[in-house]
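# Coordinates in review
Each chain, letter by letter, is given below.
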Amino acid sequence: MKEREESLVVYLVNGATLYFEQVTNVLVSEYGALQFMYVGKQSGKLRDASFNLDVIAGYAVSVDPEKVLTK
């Protein structure tokens, strides 16, 4: 996806919702996983995350308002 920092919300099929900030490199892999990097809120460390799409009901990535087309 993009290299800029974004926020990401992951909705799991069990009803849980996960929130991530300072997210980069969001992609869906050829192996059926949502992958991204983020900075841990408590640790401040850069982390690489991967979630199997089978456990994800949906996800939302922040959108840059300047890039959204309006009519």
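Just so it is clear, the model here is predicted, and its values are computed rather than measured. (Residues numbered from 1 in each chain as written. Predicted model: local features only at pLDDT ≥ 70, side-chain atom pairs only at ≥ 80, totals over all residues. Heavy atoms only, no water.)

## What to know about the sheet that holds strand 1 (residues 6-12)
Pairing between sheet strands relies on hydrogen bonds along the backbone, with the strands arranged either parallel or antiparallel. If you walk across this open sheet you meet the five strands as 4-3-2-1-5, and the pairing is antiparallel. If you trace the sheet from one side to the other, it starts and ends with strand 4 (46-52) and strand 5 (56-61), each paired once. When strand polarity is set aside, the average angle formed by the axes of neighbouring strands in this sheet is 45 degrees. As defined by bridge partners, strand 3 (residues 33-39) adjoins strand 4 across seven bridges and the pair is classed as antiparallel. Within the sheet, the bridge partner assigned to Q35 lies in strand 4 and is S50. (Pairing = 2+ DSSP bridges. Helix = DSSP H or I, 4+ residues; strand = E, 2+ residues; numbered from the N terminus. Axes fitted to C-alpha atoms, helices over the stretch in contact; angles between N-to-C directions.)

## Observations concerning the nonpolar core
L8, V10, F20, V23 and F36 are the most contacted members of the largest nonpolar core, which totals 13 residues. Broken down by secondary-structure element, the contributors of at least two residues to this core are strand 1, strand 2 (17-28), strand 3, strand 4 and strand 5. (Core = buried A, V, L, I, M, F, W, Y, C linked by side-chain atoms within 4.5 Å. Buried < 20%, exposed > 50% of the residue type's maximum accessible area, 1.4 Å probe, protein only.)

## Quick notes on the packing of aromatic side chains
When we look at a pair of aromatic rings, we describe it by the centre distance and by the angle of the planes. Within this structure, the stated rule accounts for five aromatic pairs. On the numbers, 4.9 Å between centres and 65 degrees between planes, the contact of F20 with F36 is edge-to-face. In this pair, F20 is assigned in strand 2 and F36 in strand 3, connecting sequence segments 16 residues apart. Pair check on accessibility: F20 and F36 agree, each one buried. With a centroid separation of 4.9 Å and 65 degrees between ring planes, the pair formed by F20 and Y38 is classed as edge-to-face. (Phe/Tyr/Trp six-rings, centres within 6.5 Å; stacked < 30°, edge-to-face > 60°.)

## Details of the confidence of the model for the chain
Any residue range with low pLDDT should be treated as having predicted coordinates unsuitable for detailed reading. On average, residues of the chain score 87 in pLDDT, and 83% of them are at 70 or above. Of all the helices and strands in the chain, strand 2 carries the lowest mean pLDDT, 93, while strand 4 carries the highest, 96. (pLDDT = per-residue confidence, 0-100.)

## Topic: the environment of L46
Note that L46 resides in strand 4. A residue is classified by how much of its surface remains accessible, and L46, at 58% relative accessible area, is exposed. Once you skip the residues sitting within four places of it in the chain, L46 turns out to touch M37, Y38 and V39. (Contact = heavy atoms within 4.5 Å.)

## Structural notes on the environment of D48
Mapped onto the fold, D48 is located in strand 4. Sequence separation between D48 and Q35 is 13 residues, and the spatial gap between their C-alpha atoms is 7.5 Å. Setting aside anything within four residues of it in sequence, one finds D48 in contact with F36 and M37.

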